[in-house]
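Analysis of the macromolecular model
Each chain, letter by letter, is given below.
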Amino acid sequence: MDVYGIIGNPVEHSLSPPMHEAAFDACGIDAKFVTFEADPDRIEEAFRGAQALGVDGLTVTLPFKHDAFEFADVDEKAQRVGAVNTIDFTDDGPVGYNTDMTGTLQAFDHHGVSLEGAKAVVIGAGGAARALAFGFEEAGGTVSIANRTESKAHDLADDVPGASGHGLEELPDLMAEADVVANATSVGLEEDVSAAPADAWHDDLTAYDAVYKPLETRFLSDAAAAGAQTIDGAWMLLFQGVDAFETWTGEDAPVDAMNEALRSHLSE
Ligand code: ATR
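These notes cover the structure that comes with them.

Procedures and definitions
- Residues numbered from 1 in each chain as written.
- Predicted model: local features only at pLDDT ≥ 70, side-chain atom pairs only at ≥ 80, totals over all residues.
- Heavy atoms only, no water.
- Helix = DSSP H or I, 4+ residues; strand = E, 2+ residues; numbered from the N terminus.
- Buried < 20%, exposed > 50% of the residue type's maximum accessible area, 1.4 Å probe, protein only.
- Contact = heavy atoms within 4.5 Å.
- Core = buried A, V, L, I, M, F, W, Y, C linked by side-chain atoms within 4.5 Å.
- Arc of directions from axis to C-beta.
- Expected span 1.5 Å × (residues − 1).
- Lys, Arg positive; Asp, Glu negative; His and termini not counted.
- Salt bridge = Lys/Arg side-chain N within 4 Å of Asp/Glu carboxyl O.
- Near = heavy atom within 4 Å.
- Polar contact = N/O pair within 3.5 Å; in protein donor to acceptor, adjacent residues only side chain to side chain.
- Nonpolar A, V, L, I, M, F, W, Y, C, P; charged D, E, K, R; others polar.
- Pairing = 2+ DSSP bridges.
- Axes fitted to C-alpha atoms, helices over the stretch in contact; angles between N-to-C directions.
- Parallel < 35°, antiparallel > 145°, perpendicular 65-115°, else oblique.
- Left-handed = near helix turned anticlockwise from the far one by under 90°.

Points about the environment of alanine 26
Here alanine 26 lies in helix α1 (residues 16–27). The partly exposed category is assigned to alanine 26, whose relative accessible area is 48%. Taking C-alpha positions, alanine 26 is 9.0 Å from alanine 253, a pair spaced 227 residues apart along the chain.

Okay, structure coming up:
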């Protein structure tokens, strides 16, 4: 039997176990997906222990994405982001990927939204914003980063080729010109507020929210009311998992089965 898992702290409410178990079932793969809550002071030991025990792959979540970056042999895209959320334990050792970044691109592709030549606005400048900004740039978009603490937007923009940094007060102007607006802040998480001004939405925009609790955030409902296309936060969660599954197993992921498992657990 193969063993995969998610490592983080906390991880008890993770949606990765039901999503990956549904994928293994649908593909007839004999595998278990385990939840590992690691001690932050012993994370390197935890990674080495997983490797020694023959764990086949790990999803890495907060606060260990940088530790995973240090531990694994990191692929080129994850190198650019500076964080690893997926480890594949291969015969040659642990290889690190960033499927938060690559999964985002698959989510847009799945919705028929092309990022090539798109003007993308990323709101936020933390870890989630970093994965999205590098993803949009990788797909051929031009990225504007707007953040409450403007200096952090400039710092991130300095790392992403062609990107610019802004304060939140510039959002109306940035959104007027944009094709895609992504919320990578925690604003809207279990709260009926949006990081974007409601009257800045228009029907040429696609809205993407990294927040998935609730699924229909104020950010997305404002966007939809103005006629914009919306992609909710479960798609990012789904496609980072799809990409991890395909990396680990080399098989096409059963996307519909994973989506169904994820959404049924989200609505519980
Ligand atoms: P993550 O790694 O999940 O992206 P993070 O690094 O804590 O989390 O980043 C959270 C982001 O949400 C930051 O961009 C933060 O803005 P600051 O850099 O100014 O702190 C943003 N954020 C959090 N609460 C916010 C609020 N009430 N209004 C606007 N932005 C907020």
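What to know about the side chain of asparagine 259
Take asparagine 259: it is sitting in helix α11 (residues 255–266). With near-sequence residues (within four places) excluded, asparagine 259 lies in contact with Trp235 and Leu238.

Quick notes on the nonpolar core
The biggest cluster of nonpolar side chains holds 54 residues, and the ones touching the most others in it are Val122, Phe136 and Ile145. Top contributing element to this core by residue count: helix α10 (residues 233–249), with 10 residues. Those residues in contact with phenylalanine 136, other than ones at most four positions away along the chain, are Thr104, Leu105, Phe108, Leu115, Ala120, Val122, Gly141, Val143, Val180 and Ala182. Judged by nonpolar contacts, the second largest core, of 18 residues, contains Ala146, Met175, Ala195 and Ala228.

What about helix α2 (residues 43–52)?
Those residues of α2 lying buried are Ile43, Phe47 and Ala50. Summarising the axial view, the buried residues of α2 lie within an arc of 60 degrees, below the 170-degree limit, and thus occupy one face. On the buried face of α2, the contacting elements are β1 (2–8), β3 (57–60), α3 (65–71) and β5 (86–90). Residue glycine 54 follows α2 closely and has a positive phi angle near 85 degrees.

Focus: α1
Under the 1.5 Å per step criterion, the end-to-end length of α1 is 16 Å for 12 residues, consistent within 8% with the ideal 16 Å. Regarding α1, the residues found buried are Ser16, Pro17, Pro18, Met19, His20, Ala22, Ala23 and Phe24. Here the buried face of α1 lies against β1, β2 (31–37), β3, α10 and α11.

Remarks on the side chain of aspartate 88
With respect to the element layout, aspartate 88 can be found in strand β5. As a buried residue without a salt bridge, aspartate 88 has its nearest oppositely charged side chain in lysine 77, at a separation of 15 Å. In this structure aspartate 88 touches Asp56, Gly93, Pro94, Val95, Tyr97, Thr247 and Trp248, once residues within four positions along its chain are discounted.

Quick word on the site of the ligand
Around the ligand, the neighbouring residues are Gly124, Ala125, Gly126, Gly127, Ala128, Asn147, Arg148, Thr149, Lys152, Thr185, Ser186 and Val187. Between the ligand and the protein, one listed contact pairs an oxygen atom with a backbone N or O atom of glycine 127 at 3.0 Å. In the environment of the ligand, an oxygen atom lies 2.5 Å from a nitrogen or oxygen atom belonging to the side chain of threonine 149. Among the residues making up the shell around the ligand, the classes are represented as three nonpolar, seven polar and two charged.

A closer look at the pairing of β1
β1 sits mainly inside the fold: five of its seven residues count as buried. Bridge analysis of β1 against β2 gives seven bridges, and the strand direction is parallel. Paired with tyrosine 4 across the two strands is phenylalanine 33, which belongs to β2. Bridge count for β1 against β3 is four bridges, and the pairing is parallel. Counterpart to isoleucine 7 in the pairing with β3 is valine 60.

Comments concerning the packing of α10 against α11
The N-to-C vectors of α10 and α11 enclose an angle of 135 degrees; their axes lie 10 Å apart at closest approach. As far as their axial angle goes, α11 and α10 are oblique. In the packing of α10 onto α11, the handedness of the crossing is right-handed. Facing Ala234, Trp235, Leu237, Leu238, Phe239, Gly241, Val242 and Phe245 of α10, the residues of α11 in contact are Val255, Met258, Asn259, Leu262, Arg263 and Leu266.

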